[in-house]
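# A closer look at the structure
Read off the chains here:
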Amino acid sequence: MENKAKIASVVGARPNFVKLYPIHNAIRNYSEHTIIHTGQHYDYELSETFFKEFDLPKPHYNLNVGSGTQAFQIGEMIKRLEAIFLKSDFDLVIVYGDTNSTLAGAFSAMRSGIKVAHVEAGLRSFDRRMPEEINRILTDNLSDYLFAPTETAVRNLKNEHVYGKIFNTGDLSVEIINHAIKLSSKSKILDHLELEPKSYILFTMHRAENTDSKDSLIAIIHAFELLSEIKIVFPIHPRTKKVLKEKNLYERLLKCKNVKLIKPLGYLDFVKLMKNANKVITDSGGIQKESYLLAVPCITIRNNTEWIETVDAGWNLITGMHTNKIVKAARNWIPTTKIKPILGDGRTSTIIKDLLC
Ligand code: UD1
């Protein structure tokens, strides 16, 4: 019998699961694929629902690390992953994106003598306050194979003289979104929330550098107050809800009658909501590119982005946390350019499979 490569994927947070889906499907018949869940995300809405919606197998391991400080989380993951890796005969470990689980997976595998492949390598926001930026830089420097989604990402990696081999594979979001659009046609979320297509703005915010600043939170709530004529749908991340309550701002948010606060959504409902939104306001990385692929204008409430192509293409406006800029963009800004294939042709998972298996 032909010897198949033994590959393990380390995932732990919402954006990792989404990227796992196309890779698992591409490699599962050509490798022995083991899925390791660190337990970084454990709420049903942030974890299990993604495995169900994408028909992903139950992870072979769940390390149940849970929440905590950055050092606790990463440290526990490294320790618990090492216990698996040292006993394993994996040829390769794949890590995805820029979460704490990504960095822990790369570090632990590398120190256990296993090769590392990084999916979504080379992205840089050049904002070192973001934990994700540090995770990206460290993971890229630990990896043997760097799968870069864009030419900018390739250039960033070359500038940093990383050790591993760099490949421009395009971005997985193209195939993920195509698949999600098909599946999400069944979603009833618009009816459920009593929303007409294109009648609302979809809002998300969960980045530590935003939620941990009272000024940023106030700037956003003030923007909501000024935008009282626009319906805003806000699936609220548990971190954001917790911090708003701690800083005594949750009540003020609840007073904004134009804001529909809802629980975090599964991916298919979320894609349906994004596709039918008039605009998106977000601090997420993934949503900037997904909204571009869905031709929905994106207002990014950060001072920078790792997806600069979407800004250059004219569909992503960087406003920072400035109330007036956000309000003006929400009311008046309309992209005037056509959508171009800046994120690859949707063959990324096949290209990666051909390189690894
Ligand atoms: C993580 C990623 C971020 C990604 C985001 C998607 C890092 C550094 N950040 O941020 O890049 O965009 O996931 O959601 O890895 N919590 C729950 N239930 C859960 C998980 C978390 O209530 O299932 C709460 C806890 O209070 C926790 C907080 O959310 O302390 C933050 O969770 P954490 O996993 O540390 O980071 P995210 O903000 O989710």
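Conventions we followed
- Residues numbered from 1 in each chain as written.
- Predicted model: local features only at pLDDT ≥ 70, side-chain atom pairs only at ≥ 80, totals over all residues.
- Heavy atoms only, no water.
- Helix = DSSP H or I, 4+ residues; strand = E, 2+ residues; numbered from the N terminus.
- Rg over C-alpha atoms; globule rule 2.2 N^0.38 Å.
- Buried < 20%, exposed > 50% of the residue type's maximum accessible area, 1.4 Å probe, protein only.
- Near = heavy atom within 4 Å.
- Polar contact = N/O pair within 3.5 Å; in protein donor to acceptor, adjacent residues only side chain to side chain.
- Areas by Shrake-Rupley, 256 points an atom, 1.4 Å probe, with all protein chains shown as cover.
- Nonpolar A, V, L, I, M, F, W, Y, C, P; charged D, E, K, R; others polar.
- Domains from an automatic or database assignment.
- 1 Å grid on protein atoms, 1.4 Å probe; cavity = no way out; pocket = protein on both sides within 12 Å on 5 of 7 lines; lining within 4 Å.
- Points joined across faces, edges and corners; volume = space filled by probe spheres on them.
- Salt bridge = Lys/Arg side-chain N within 4 Å of Asp/Glu carboxyl O.
- Axes fitted to C-alpha atoms, helices over the stretch in contact; angles between N-to-C directions.
- Parallel < 35°, antiparallel > 145°, perpendicular 65-115°, else oblique.
- Left-handed = near helix turned anticlockwise from the far one by under 90°.
- Contact = heavy atoms within 4.5 Å.
- Pairing = 2+ DSSP bridges.
- Right-handed = clockwise from strand over helix to strand, strands pointing away.

Each helix and strand in the chain was counted, giving 17 helices and 13 strands. What you see for the chain is a C-alpha radius of gyration of 20 Å, in line with the 21 Å of a compact globule of 357 residues. The dimensions of the chain, computed from C-alpha atoms along their principal axes, are 65 × 45 × 40 Å. Residues counted as buried form 58% of the 357 residues belonging to the chain.

This next bit is on helix H13 (residues 267–275). The buried fraction of H13 amounts to seven of the nine residues, a majority that puts the element mostly inside the structure. Every buried residue belonging to H13 is among Tyr267, Leu268, Phe270, Val271, Lys272, Leu273 and Met274, and all of these are buried.

The local shell around the ligand holds 21 residues, among which His41, Tyr42, Glu132, His206 and Arg239 are the closest. Asp43 is positioned with one of its backbone polar atoms (N or O) 2.8 Å from an oxygen atom of the ligand. A distance of 2.7 Å is found between an oxygen atom of the ligand and a side-chain nitrogen or oxygen belonging to Arg239. Protein contacts shield 90% of the accessible area of the ligand, which totals 740 Å² for the unbound molecule. Every element with two or more residues in the shell around the ligand is listed here: helix H1 (14–27), helix H5 (131–142) and helix H11 (238–246). Residue composition of the shell around the ligand, by class: five nonpolar, nine polar and seven charged. Counting contributing residues, the shell around the ligand receives three or more from each of domain 1 (5–168) and domain 2 (187–332).

Moving on: the layout of surface pockets. Looking at the second largest pocket, its volume works out to about 250 Å³. Lining the second largest pocket are 15 residues, and of these His37, Ser47, Glu48, Pro59 and Asn62 lie nearest its centre. Class assignment for the residues of the lining of the second largest pocket results in six nonpolar, six polar and three charged.

In this section: the pattern of salt bridges. The tally for this structure, following the rule as stated, stands at 21 salt bridges. Between Lys6 and Asp89 there is a salt bridge, with its nearest N and O atoms 4.0 Å apart. Of the two residues, Lys6 sits in strand S1 (residues 5–11) while Asp89 sits in the loop between helix H3 (70–87) and strand S4 (92–96), which places them 83 residues apart along the sequence. The partly exposed category is assigned to Lys6, whose relative accessible area is 24%.

Now for the packing of helix H7 (residues 173–184) against helix H14 (residues 286–293). For the pair H7 and H14, the least separation of the axes is 10 Å and the interaxial angle reads 60 degrees. The pairing of H7 with H14 is recorded here as oblique in orientation. Note that H7 runs across H14; the crossing there is right-handed. The segment H7 lies against H14, with Ser173, Val174 and Ile177 engaging Lys289, Glu290 and Leu293.

Time to look at empty space enclosed by the protein. The tally for this structure, following the rule as stated, stands at two cavities of 30 Å³ or more. Of the voids in this model, the largest cavity is the one considered here, and its volume is about 50 Å³. Every residue lining the largest cavity is listed: Lys19, Val119, Glu120, Phe147, Ala148, Pro149, Thr169, Gly170, Asp171, Leu172, Thr348 and Ile352. Counting residues per element, the ones that place at least two in the lining of the largest cavity are strand S6 (145–148) and helix H17 (348–356). Per-class residue counts for the lining of the largest cavity are six nonpolar, three polar and three charged. Reported here for the second largest cavity is a volume of approximately 30 Å³.

What the six strands build is an open sheet, ordered S10-S9-S8-S11-S12-S13; its pairing is parallel. The open sheet has two edge strands with one neighbour each: strand S10 (259–262) and strand S13 (316–318). Across this sheet, the average inter-strand angle for adjacent strands is 20 degrees, counted without regard to direction. Taken together, the three bridges between strand S8 (residues 200–204) and strand S9 (residues 231–235) define a ladder with parallel strand orientation. For Tyr200, the partnering residue across the bridge sits in S9 and is Lys231. Contacting S8, S9, S10 and strand S11 (279–282), H13 runs over the sheet at an angle of about 135 degrees to S8. The sheet strands contacting helix H16 (residues 323–332) are S8, S11, strand S12 (298–300) and S13, and the helix crosses S11 at an angle near 160 degrees.

To continue, consider the pairing of S6. Relative to S6, strand S5 (residues 115–119) runs parallel, the two being bridged by three bridges. The residue bridging Ala117 from the neighbouring strand is Tyr145, located in S6. Note on the crossover from S5 through H5 to S6: the handedness is right-handed. The pairing of S6 with strand S7 (residues 165–168) spans four bridges and is parallel. Note that in S7 the partner of Tyr145 across the bridge is Lys165. With respect to chirality, the unit in which S6 leads through helix H6 (residues 151–159) into the neighbouring parallel S7 is right-handed.

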